[in-house]
Amino acid sequence: MSTSVPVDASGDSESAHHLRIGPRRLLAFAGFRRLLLSRFASQWGDGLFQTGLAGFVVFNPERAVTPEEIAGGFMVLLLPYSLVGPFAGALLDRWDRRRVLVAANLLRGVLILVAAGCVAGGASGLPLLMLALVVVGISRFVGAGLSAALPHVVPVPNLVEANALAVTLGAVVSVLGAGCAVGLRGLLGEGDTGSGLTTGIAFVGSVLAAVLAARFARGALGPDKVDEPPTALAAVAQGLFDGGRVALRTPSVAAGFCALLAHRAAFGISLLLTVLLMRFSFEDFGPIEAGLPGLGVVLGFGAAGIFVAGLTTARLVSRLGRKRSVLLCLAGAALAQLAFGLPMVLPTALVAAFVLSYAGQVVKLCVDAAVQRDIGDEARGRVFALYDMLFNITQVVAIGLAAELVPQTGESAALIAAAAVVYLVGMAGFATVTRRHQRA
């Protein structure tokens, strides 16, 4: 049974749409609690799989690596939803989402075991990359399904807070999975065999996520009604078109896309630089070692920023409003790029990771809530799929362009400054779309 209720999305009065009731009362909703646990299991496995694969590709002592190869690895992790996104949107609004979550998680678990076997055998190149593309693509599909299902397990006035809690804790759990991968590599070895065993353990997360999703009744996660063409191909084509059309005509979503895509582009540049600096330039800082362990600490600081954003976003939006919150975070991110990125040393990189992750998560939570609140259930899956597709294409393009310009050491003040400028461009786009809507 859906808990969604109609809401007037014509204005921008956040207080009229957002009701804070606290995590304890949110967790009293049995459906939300079950969906949250399924998300945790899924994202823990994602973090473990992706970090295990990254360790094999980037930090494996048996391999040499170039900026282009690292960029290629990021493309494997980020491009899948760009490829399957149109299908995901149409199918999530066409098929029982509960059944989709169960089947997708089980299929992902099987493919994780296959990929782990390839890694343990020392396989590399196109076959492994394609297999990783499929695994991560299914993960993106599952993520979109979880987001599209959320309005069916909590009341609409509580969506901002529920989404903040789910997405934030899910991201933290993903980082914990990454931390588990770092620890397991230390125990099982950093070579091919250790990387394969580490990657294979992610299978557990997929199975648990499927079991938890299976506990929902059929139809409990929507869609409530199906408005799709009879053939899948037509549904996919129409899904792309409809997702874009609905997003563009919804001002809160269109403006949010401008801000979020700017963040992903700038963050992509920073991510590539951080990996290169950690591999080739950074020196140990006290107990923090450079290399993969140091990258794990950077991820931990990023997770802390995400966690704090989850605790404070609802309060920030209630006090400042959505528009001011987004603009403030983009401006803060631009300043953080310059103040903490330009020194190009490990201690300031940790601070930058916290601030950039915090700012980006606040923006993402605002955009997620706009889609969940202002887009009807019959189109929400398509908009989320388009959202994730653009989200990842933007980051992949930014990483690819940066890889062509960055030295192998990762020391590039010009690219750090460019990332700060991208945040300012995002502010301008967000403000322009918002002003045009207000004039209209």
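Everything numeric in this text was worked out from a predicted model, so none of it was measured.

A. Spotlight on the pattern of salt bridges. Counted under the stated rule, the structure contains three salt bridges. Notably, a salt bridge pairs Arg108 with Asp46, separated by 2.8 Å at the nearest N-O pair. Taken as a pair, Arg108 in helix α6 (residues 97-120) and Asp46 in helix α3 (residues 30-57) lie far apart in primary sequence, 62 residues in all. The burial state of Arg108 is the same as that of Asp46; both residues are buried. Two residues, Lys364 and Asp368, come together in a salt bridge whose shortest N-O distance is 2.8 Å.

B. Structural context of the environment of Ala202. The topology assignment puts Ala202 in the loop between α9 (192-200) and α10 (203-214). Look at Ala202 and you get buried, because its relative accessible area is 0%. Residues Ala202 and Cys180 lie 22 residues apart in sequence; the distance between their C-alpha atoms is 10.0 Å. Excluding anything up to four places from it in sequence, Ala202 contacts Gly45, Leu48, Phe49 and Ile112.

C. Up close: the layout of surface pockets. Estimates place the volume of the second largest pocket at around 230 Å³. As for the second largest pocket, its lining consists of 14 residues, and the residues nearest its centre are Pro23, Glu161, Leu165, Gly310 and Leu311. Listed by contribution, the elements that provide at least two residues to the lining of the second largest pocket are α2 (23-26), α8 (159-188) and α13 (292-320). Per-class residue counts for the lining of the second largest pocket are eight nonpolar, three polar and three charged.

D. Representation of unusual backbone geometry in the model. Omega for the bond connecting Gly222 with Pro223 falls within 30 degrees of zero, at 0°, which places this linkage in the cis form. When you line up the elements, Pro223 lands in the loop between α10 and α11 (232-248). In this structure, Met344 is a non-glycine residue whose phi angle is positive, near 55°. Inspection of the secondary structure assignment puts Met344 in the loop between α14 (322-341) and α15 (346-374).

Calculation notes
Throughout this description, residue numbers start from 1 for each chain and increase along the sequence as written. Only residues with pLDDT of 70 or above have their local features reported here, since the model is predicted, and side-chain atom pairs are shown and tallied only from 80 upward, although totals for entire chains, interfaces and linings are computed over all residues. Only hydrogens and water are set aside; all other atoms, that is, all heavy atoms of the structure, feed into the side-chain values. Throughout this description, the term salt bridge denotes a Lys or Arg side-chain nitrogen within 4 Å of a carboxyl oxygen of Asp or Glu. Secondary structure follows DSSP: runs of H or I at least 4 residues long count as helices, runs of E at least 2 residues long count as strands, and numbering of each begins at the N terminus. Type-normalised accessible area, obtained with a 1.4 Å probe on protein chains alone, sets the label of each residue: buried when under 20%, exposed when over 50%, and partly exposed for intermediate values. We call two residues in contact whenever any of their non-hydrogen atoms come within 4.5 Å of each other. A 1.4 Å probe that fits into a set of points on a 1 Å grid over the protein atoms alone but cannot get out defines a cavity; an open set with protein on both sides within 12 Å along at least five of seven lines defines a pocket, and lining residues are those with an atom within 4 Å of a point. Grid points are joined across faces, edges and corners, and a volume is the space filled by probe spheres set on the points. Just so you know the grouping, Ala, Val, Leu, Ile, Met, Phe, Trp, Tyr, Cys and Pro go in nonpolar, Asp, Glu, Lys and Arg go in charged, and all remaining residues, Gly too, go in polar.

Honestly, that's just the spatial picture; any functional story needs more than this.
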